[in-house]
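A look at the structure
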Amino acid sequence: MSDNTSTSTPAHSHGHGHHHHHHPGTGSGHGHNFANMAEANKHHYDQHVDDFDTFPHAKTRAQRSALAMREAVSLSKDSSTVLEFACGTGLVCMEMLPHVKEIVGIDISPVVVERCNKKFKEAGANENCYAIAANISTDKDVLADKKFDLVYCASAYHHFDSPEEITKLLGAFLKPGGSLIVIDNLQKGGETIDQEHRLYITRYGFNEEDTKGLFASAGLEFASYAQIPSDPEGDNDIFLAKATKST
Ligand SMILES: C[S@@+](CC[C@H](N)C(=O)[O-])C[C@H]1O[C@@H](n2cnc3c(N)ncnc32)[C@H](O)[C@@H]1O
């Protein structure tokens, strides 16, 4: 999550866990030709699961994200059901866990999912809290007809080939009146990403208009877009955008 953005250029982006590394062995042209970004992400995160716990701003980013979500939607320990899409090792899941009844995580990488389930177990979470490895674009009925009060995706939208498609798929997991929250890098101007990150990242971030477009094309009602209070220790500026599904 976050990264060491260089001072001379706003060109570093990326979610956490891939900052100081160069990966000459990944990507097309080096023996790997991934059919899509989902497969490239699976490959990358399967090999970099430990980065989640070691990256300096990862835990504080998770805390800031969870706090902002709890301010944006009202959650109940007795009733709220939550889906985290692209949950990684569950840094944000663990921050949400004390405030909800059920939380399900999905991620493309089986290795990070296993780590996430280990954390649920260690936290003493109930059997309704778990993570699964799946590609929701192709595994259509992975959660059958399960519907949630809150679906969120944190620090992952900039990894997707088609944020439009993902937003539509995520909207289908909402109960009527439920909320979709997207947290990602705040795009201010022409920030771009480094070549080395293009293997598994598609863009720097999103501005308010971008999120309005995504929500509209998924048939959801735009509710808000706001910057999440900055990390004093210096992390990317991130936003929280919220949409609701009509009742
Ligand atoms: C920067 S990490 C963020 C993880 C977590 N949300 C957090 O905040 O700690 C990005 C995650 O997105 C996942 N991911 C990327 N593309 C995906 C896709 N198409 N479907 C599901 N997960 C995906 C990666 O495997 C990785 O775990």
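Residues numbered from 1 in each chain as written. Predicted model: local features only at pLDDT ≥ 70, side-chain atom pairs only at ≥ 80, totals over all residues. Heavy atoms only, no water.

Looking at an unreviewed UniProt entry, the chain carries the name Methyltransferase domain-containing protein, with the source organism given as Ephemerocybe angulata.

Okay, the side chain of N236 next. The topology assignment puts N236 in the loop between strand 6 (221-227) and strand 7 (238-244). In terms of polar contacts, N236 uses its side chain to reach the side chain of N185, at 2.8 Å. (Helix = DSSP H or I, 4+ residues; strand = E, 2+ residues; numbered from the N terminus. Polar contact = N/O pair within 3.5 Å; in protein donor to acceptor, adjacent residues only side chain to side chain.)

On to the pairing of strand 1 (residues 81-85), then. Buried residues dominate strand 1, accounting for five of its five residues. Because side chains alternate across strand 1, one face comprises the buried residues T81, L83 and F85, and the other comprises V82 and E84, equally buried. Relative to strand 2 (residues 102-107), strand 1 runs parallel, the two sharing five bridges. Note on strand 2: the bridge partner recorded for F85 is I106. Handedness of the crossover is the feature at issue here: the chain leaves strand 1, passes through helix 4 (residues 91-96), returns alongside strand 2, and the resulting connection is right-handed. Looking at chain direction, strand 1 and strand 4 (residues 148-154) are connected through three bridges and run parallel. Along strand 4, the bridge assignment pairs V82 with L150. (Buried < 20%, exposed > 50% of the residue type's maximum accessible area, 1.4 Å probe, protein only. Pairing = 2+ DSSP bridges. Right-handed = clockwise from strand over helix to strand, strands pointing away.)

As summarised here, the arrangement of the seven strands in space is 3-2-1-4-5-7-6, forming an open sheet in which the pairing is mixed. The sheet is open, and its two borders are formed by strand 3 (130-133) and strand 6, each paired with just one other strand. The sheet shows a mean angle of 15° between the axes of neighbouring strands, direction not considered. Contacting strand 2 and strand 3, helix 5 (residues 110-122) runs over the sheet at an angle of about 170° to strand 3. Of the strands in this sheet, strand 1, strand 4 and strand 5 (174-185) are in contact with helix 6 (residues 163-171), which crosses strand 5 at around 145°. (Axes fitted to C-alpha atoms, helices over the stretch in contact; angles between N-to-C directions. Contact = heavy atoms within 4.5 Å.)

The next thing to look at is helix 6. Among the residues making up helix 6, those that are buried are P163, I166, T167, L169, L170 and G171. In this structure, the buried residues of helix 6 make contact with strand 1, strand 4, strand 5 and helix 7 (208-217).

This part is about the packing of aromatic side chains. Overall, the coordinates contain seven aromatic pairs when judged by the stated rule. Aromatic side chains F85 and F160 sit 5.6 Å apart centroid to centroid with 55° between the ring planes, which places their arrangement in the tilted category. In this pair, F85 sits in strand 1 while F160 sits in the loop between strand 4 and helix 6, placing the two residues 75 residues apart along the sequence. With respect to class, F85 is no different from F160; both count as buried. One aromatic cluster in this structure is built from F85, Y157, F160 and F206. (Phe/Tyr/Trp six-rings, centres within 6.5 Å; stacked < 30°, edge-to-face > 60°.)

If the charged atoms of two oppositely charged side chains come close together, the side chains can form a pair. For the coordinates displayed, the defined rule picks out 13 salt bridges. With a closest N to O distance of 2.9 Å, R61 and D235 form a salt bridge. Remark: D235 occurs in the loop between strand 6 and strand 7 and R61 occurs in helix 3 (residues 58-72); sequence separation between them is 174 residues. Here R61 and D235 have matching classes, each one buried. Among the ionic pairs, K212 bridges to E208, the shortest N-O distance being 3.3 Å. Here K212 pairs with E208, and both are found in helix 7, just four residues apart, close to one helical turn. The exposure class assigned to E208 is partly exposed, which follows from its relative accessible area of 31%. Salt bridges linked by common partners bring D50, D53, R115 and K119 together as one network. (Salt bridge = Lys/Arg side-chain N within 4 Å of Asp/Glu carboxyl O.)

As a further point, take the nonpolar core. The biggest cluster of nonpolar side chains holds 39 residues, and the ones touching the most others in it are I103, F120 and Y152. Within the residue set of this core, elements represented by two or more residues are helix 1 (37-47), helix 3, helix 4, helix 5, strand 4, strand 5 and strand 7. Those residues within four positions of F120 in sequence are excluded, and the remaining contacts are C93, M94, L97, I103, A125, C129, Y130 and A131. (Core = buried A, V, L, I, M, F, W, Y, C linked by side-chain atoms within 4.5 Å.)

Among the residues making up helix 1, those that are buried are M37, A40, N41, H43, H44 and Y45. In the core, the buried residues of helix 1 are packed alongside helix 2 (51-54) and helix 5. For helix 1, the N-terminal capping position is held by N36, with its side-chain oxygen 3.1 Å away from the main-chain nitrogen of A38.

Turning next to the pairing of strand 3. The sheet contact formed by strand 2 and strand 3 spans four bridges and is parallel. Bridging from a neighbouring strand, G105 pairs with A131 of strand 3. Handedness of the crossover joining strand 2 and strand 3 through helix 5 is recorded here as right-handed.

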